[in-house]
Amino acid sequence: QVQLVESGGGLVQPGGSLRLSCAASGSIFSINAMGWYRQAPGKQRELVAVIPSGGSTNYTDSIKGRFTIARDNAKNTVYLQMNDLKPEDTAVYYCTADLRVLRFSRLRTYWGQGTQVTVSS
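Below is a summary of the structure that appears in this document. Only a predicted model underlies this, so the values are computations on that prediction, with no experimental measurement involved.

## Digging into the side chain of T90
Its location among the elements puts T90 in the loop between strand 8 (77–82) and strand 9 (91–100). Among the polar contacts listed, one links the side chain of T90 to the backbone oxygen of P87, at a separation of 2.9 Å. At 2.9 Å, the side chain of T90 forms a polar contact with the backbone nitrogen of V119. In contact with T90, not counting residues within four places along its chain, are A40, P41, Q116, V117, T118 and V119.

Given below as structure tokens:
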């Protein structure tokens, strides 16, 4: 069993900051990319940021320069530092991990349960 557990969401005023965390646990052999998606009310889920096991990070244009994704491989944890938050950042944020549970098993994407981020004055 693999679990991704997010934390760090909440209510923040415009211009404020939040840091999301997501820890993967369970039977994990290796993790490739980890990332964050978000879904605002009435909108499709969109990719926010992704960080491979090696190589450069990737961000959606609307959050470039404001959000930073990072990971701690020893803890199987991915973070999303969100600065200068705007009301349009309001959404449920989901973390993902592309991982193998065994050495020769298929690469599979796992999702967290989501954490609400609300930006409002």
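Moving on from the model shown.
## Digging into the nonpolar core
Grouped together as the largest cluster of nonpolar side chains are 30 residues, with contacts concentrated most on W36, L80, M82 and Y93. Residue assignment for this core shows that the elements contributing at least two residues are strand 1 (2–7), strand 3 (18–26), strand 4 (30–39), strand 5 (46–51), strand 7 (67–72), strand 8, strand 9 and strand 11 (115–119). Residue contributions to this core peak at five residues, all from strand 9.

## Regarding the packing of aromatic side chains
This model, assessed by the stated rule, comprises two aromatic pairs. Relative to W111, the ring of Y37 has its centre 4.9 Å away and its plane inclined at 50°; by these criteria the two rings are tilted. Of this pair, Y37 sits in strand 4 while W111 sits in strand 10 (residues 108–111), placing them 74 residues apart in sequence. The partly exposed category is assigned to W111, whose relative accessible area is 37%. A centroid spacing of 6.4 Å and a plane angle of 75° characterise the contact between Y94 and W111, whose relative ring orientation is edge-to-face. Remark: W111 occurs in strand 10 and Y94 occurs in strand 9; sequence separation between them is 17 residues.

What counts, and where the lines are drawn
Residues numbered from 1 in each chain as written. Predicted model: local features only at pLDDT ≥ 70, side-chain atom pairs only at ≥ 80, totals over all residues. Heavy atoms only, no water. Helix = DSSP H or I, 4+ residues; strand = E, 2+ residues; numbered from the N terminus. Polar contact = N/O pair within 3.5 Å; in protein donor to acceptor, adjacent residues only side chain to side chain. Contact = heavy atoms within 4.5 Å. Core = buried A, V, L, I, M, F, W, Y, C linked by side-chain atoms within 4.5 Å. Buried < 20%, exposed > 50% of the residue type's maximum accessible area, 1.4 Å probe, protein only. Phe/Tyr/Trp six-rings, centres within 6.5 Å; stacked < 30°, edge-to-face > 60°.

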